[in-house]
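Observations on the model geometry
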Amino acid sequence: MPQRAPTVDPGRVPDSELEDRFGRRFAYLRLSITDVCNFRCEYCLPDGYQGKPTGFLNRDEIQRLVSAFAELGIRKLRITGGEPLVRKDALAILADAAATPGIEKLALTTNAFNLAAQAEALRDAGLSAVNISLDSLDRQGFERITGDKRHEKVLAGVDAAIAAGIPSVKINTVLLGGLNDQEIPDFMEYVRERPVAVRFIELMQTADNGDYFRRRHVSGQTVADRLQAAGWSPMQRGETDGPAVEYSHPDYAGRIGLIAPYAPGFCDGCNRLRVTARGGLRLCLFGNGTHDLRPLLQDEADKAALKRSICQTLVGKEVSHHLHEGDFGDTPHLASTGG
Ligand code: SAM
Ligand code: SF4
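Residues numbered from 1 in each chain as written. Chains lettered and ligands numbered in written order. Predicted model: local features only at pLDDT ≥ 70, side-chain atom pairs only at ≥ 80, totals over all residues. Heavy atoms only, no water.

Secondary structure summary: the protein contains nine helices and 12 strands in total. Here the protein has a C-alpha radius of gyration of 19 Å; the compact-globule value for 339 residues is 20 Å, and the two agree. Projected onto the principal axes, the alpha-carbon positions of the protein cover approximately 50 × 45 × 40 Å. Relative to its full complement of 339 residues, the protein shows a buried share of 55%. Summarising the internal contacts of the protein: among those between residues at least 6 apart in sequence, 72% fall at separations of at least 24. (Helix = DSSP H or I, 4+ residues; strand = E, 2+ residues; numbered from the N terminus. Rg over C-alpha atoms; globule rule 2.2 N^0.38 Å. Buried < 20%, exposed > 50% of the residue type's maximum accessible area, 1.4 Å probe, protein only. Contact = heavy atoms within 4.5 Å.)

Moving on, we get to the side chain of S128. For S128, the position within the fold is in the loop between α3 (115-125) and β4 (129-133). Polar contacts involving the side chain of S128 include one to the main-chain amide nitrogen of L106, which spans 2.7 Å. Non-local contacts of S128, meaning those with residues more than four positions away in its chain, are made with E104, K105, L106, I166, P167 and S168. (Polar contact = N/O pair within 3.5 Å; in protein donor to acceptor, adjacent residues only side chain to side chain.)

Another point: the site of ligand 2. Surveying the vicinity of ligand 2 reveals the residues C37, F39, C41, C44, L45, G82, N111 and A335. Of the residues in the shell around ligand 2, the class split is six nonpolar, two polar and no charged. (Near = heavy atom within 4 Å. Nonpolar A, V, L, I, M, F, W, Y, C, P; charged D, E, K, R; others polar.)

Lining the immediate surroundings of ligand 1 are 20 residues, of which Y43, G82, S133, N172 and M204 lie closest. Within the side chain of Y43, a nitrogen or oxygen atom sits 3.0 Å from an oxygen atom of ligand 1. One of the side-chain nitrogen or oxygen atoms of N172 is found 3.1 Å away from an oxygen atom of ligand 1. Across the complex, the protein chains shield 96% of the 540 Å² of accessible surface that ligand 1 would expose by itself. By residue class, the composition of the shell around ligand 1 is eight nonpolar, 10 polar and two charged. (Areas by Shrake-Rupley, 256 points an atom, 1.4 Å probe, with all protein chains shown as cover.)

Our next topic: helix α4 (residues 139-146). Those residues of α4 lying buried are G141, F142, E143, I145 and T146. Summarising the contacts, the buried residues of α4 are in contact with α5 (151-164). G147 sits one or two positions beyond α4 and adopts a positive phi of about 65°.

What follows deals with the pattern of salt bridges. Two side chains bearing opposite charge may form a pair once their charged atoms approach each other closely. Inspection of every chain in the model, using the stated rule, returns 21 salt bridges. In this structure, E42 and R144 form a salt bridge, with 2.8 Å as the shortest nitrogen-oxygen distance. Of this pair, E42 sits in the loop between β1 (28-32) and α1 (59-71) while R144 sits in helix α4; the two residues are 102 residues apart in sequence, bridging distant segments of the chain. Residue E42 is classed as buried on the basis of its relative accessible area, which comes to 18%. Accessibility expressed as a relative area gives 42% for R144, which makes it partly exposed. Look at the salt bridges and you will find they share partners, linking K170, R199, E246 and R255 into a network. (Salt bridge = Lys/Arg side-chain N within 4 Å of Asp/Glu carboxyl O.)

Listed under "binding site: GTP" (unreviewed entry) in the UniProt record, and renumbered for this structure, are R30, R78, T109, K170, R272, L273 and R274. When only the residues just named are considered, the second largest pocket is lined by R272. Mapped onto the elements of the fold, R272 is located in strand β10 (residues 272-275). Among the residues examined, R272 registers a relative accessible area of 7% and is labelled buried. Not counting residues within four places of it along the chain, the set of residues in contact with R272 comprises F26, Y28, R30, P243, F266, L283 and K317. Within the structure, R272 has its side chain in polar contact with the side chain of N271 (distance 3.1 Å). Within the fold, L273 resides in strand β10. The exposure class of L273 is buried, given its relative accessible area of 1%. If we skip the residues at most four places from it in the chain, L273 touches L18, F26, Y28, L29, R30, F69, L281, R282, L283, L314 and K317. (UniProt positions renumbered as here; feature names shortened; annotations may be inferred. 1 Å grid on protein atoms, 1.4 Å probe; cavity = no way out; pocket = protein on both sides within 12 Å on 5 of 7 lines; lining within 4 Å.)

Looking now at the layout of surface pockets. Empty space among the atoms can be located by rolling a probe the size of a water molecule over them. In this structure, the second largest pocket spans a volume of roughly 420 Å³. As for the second largest pocket, its lining consists of 22 residues, of which V245, A260, A263, P264 and F266 are closest to the centre. By residue number, the principal contributor to the lining of the second largest pocket is helix α8 (residues 221-229), which donates three residues. A per-class count over the lining of the second largest pocket returns 12 nonpolar, six polar and four charged. (Points joined across faces, edges and corners; volume = space filled by probe spheres on them.)

So, on to the pairing of β1. Within β1, five of the five residues are buried, leaving the element largely enclosed by the surrounding structure. Residues Y28, R30 and S32 line one face of β1 and the alternating positions L29 and L31 line the opposite face, and both faces are buried. Bridge count for β1 against strand β2 (residues 76-80) is five bridges, and the pairing is parallel. Bridge assignment links L29 to a residue of β2, and that residue is L77. In this fold, β1 hands off to α1, which returns the chain to β2; that crossover is right-handed. (Pairing = 2+ DSSP bridges. Right-handed = clockwise from strand over helix to strand, strands pointing away.)

Here's what the structure looks like:
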């Protein structure tokens with residue numbers, strides 16, 4: 001299906017530092033702090049982490065990076081992975097980021113394997129939002145999809161994050177045909193009393209998961225249709241919001257959302273950039289290659305040069321991904337780029 005392009009003037013000179021040729025502004029950075037993960041989600045790392053767990057940006061490099069991006073206008077930072085909480089210094093990295101001038105929202109994406117124990121410390125560190133992956137409310141379903149037995153701990157992590165008062169608690173559920181698509185009503189029930197947003201993410205094809213994608217991909221439209229039929233209404237998006245369309249219902253405390261990267265116009269509202277755990281700036285989740293920022297993150301490096309390098313790289317951002325042409329870029333799995 002062809003993509004609807006944003007209003008494009010390729011000769012246009014950007015008038016703000018983090019703005020691309022198509023007039024899209026970037027106030028949101030997703031930063032991976034490790035590729036390593038302790039789960040084995042079928043669609044992501046079905047054989048577990050197979051890489052070499054070394055060479056990730058250290059705390060100082062991360063802080064220099066965050067500070068430069070904040071000076072360029074990044075207001076929202078998401079720390080992701082792999083599983084970010086496997087890093088022993090994750091809390092310190094988050095606290096540094098929260099204290100960076102310009103960063104107004106600090107978010108974390110986690111599988112929640114040890115969130116319950118850390119929720120209060122994370123709140124105290126300045127975390128404003130947490131997204132928790134939870135692909136099934138059913139214990140066996142969860143174990144089947146993630147290859148992990150810590151379902152109870154993940155559920156406890158959600159409740160601990162709410163109880164700790166982390167201002168935004170969201171759940172990511174990858175929509176999987178025949179595995180959890182029958183659970184849409186259960187998730188509605190789950191948010192009846194809980195003030196959380198459950199967002200169904202359409203399964204995305206990556207270099208490694210082609211067969212799985214063909215077996216399990218279901219269009220997000222099925223969720224939208226069911227929500228609307230049950231009286232849920234779509235809400236407005238804010239400037240630094242992610243790509244989800246969220247629905248609310250007067251009888252439910254929580255919300256249900258949908259992230260549908262295959263839907264027409266998905267890229268028009270793109271407001272985010274990514275940096276990999278080893279310091280590669282990536283312009284699109286489904287793009288090719290990264291621009292290595294690491295040499296400019298060292299002690300002696302010049303911050304102005306780092307900022308220039310980021311801005312110059314942004315000029316290469318394309319108008320849209322090429323998923324509809326069957327081109328999903330060079331991402332082997334989302335653990336490698338920070339989903
Ligand atoms: N380990 C953390 C977690 O699972 O929350 C953070 C990293 S994970 C790559 C970030 C998000 O990407 C998770 O919500 C995960 O379910 C989602 N994800 C991973 N692979 C995906 C795929 N192929 N399609 C759609 N979502 C995917
Ligand atoms: Fe790990 Fe997250 Fe990938 Fe699951 S989705 S294997 S928890 S990185």
